[in-house]
Amino acid sequence: MTKYSIRYGASLRKRHSKVKSQKIALYKCEICGKVEVERVGTGIWKCRNCKNTFAGGAYALTTAQGEIAKRLIEDLGHSGA
Ligand SMILES: [Zn+2]
């Protein structure tokens, strides 16, 4: 009985850590190029390296990459003029 419960607990812990690692998945930052972008809220992403904050998809940054590029081009245009 004791042996069985220990084995069950170990497998449960293993499953839990796998789910956790998927939640804190990091994405590549379009500003500094480092894979340091993490989700800080619904649709809000922050780069831990350059501290830039992005508005993106609720669960994945992928949908926001076009938006970021557009914003970057606009910013460059403003500072150049
Ligand atoms: Zn960055």
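Residues numbered from 1 in each chain as written. Predicted model: local features only at pLDDT ≥ 70, side-chain atom pairs only at ≥ 80, totals over all residues. Heavy atoms only, no water.

Student: Help me get a handle on the packing of aromatic side chains, residues and values and all.
Tutor: This model, assessed by the stated rule, comprises one aromatic pair. Aromatic side chains Tyr 27 and Trp 45 sit 5.1 Å apart centroid to centroid with 85° between the ring planes, which places their arrangement in the edge-to-face category. Note that Tyr 27 is positioned in strand E1 (residues 27-28) and Trp 45 in strand E3 (residues 44-47), a separation of 18 residues in sequence. The class for Tyr 27 is partly exposed, based on a relative accessible area of 25%. (Phe/Tyr/Trp six-rings, centres within 6.5 Å; stacked < 30°, edge-to-face > 60°. Helix = DSSP H or I, 4+ residues; strand = E, 2+ residues; numbered from the N terminus. Buried < 20%, exposed > 50% of the residue type's maximum accessible area, 1.4 Å probe, protein only.)

Student: Account for the environment of Asn 49, naming residues and giving values.
Tutor: By the secondary structure assignment, Asn 49 is in the loop between E3 and strand E4 (53-55). In this structure, the C-alpha to C-alpha distance between Asn 49 and Val 37, residues 12 residues apart in sequence, is 8.0 Å. Once residues lying within four places of it in the same chain are set aside, the contact partners of Asn 49 are Cys 32, Lys 34 and Glu 36. (Contact = heavy atoms within 4.5 Å.)

Student: Residues and numbers for unusual backbone geometry, please.
Tutor: A positive phi angle, near 65°, is found at Lys 51, a position not held by glycine. Within the secondary structure, Lys 51 sits in the loop between E3 and E4. Take Lys 51: its relative accessible area is 56%, and that puts it in the exposed class.

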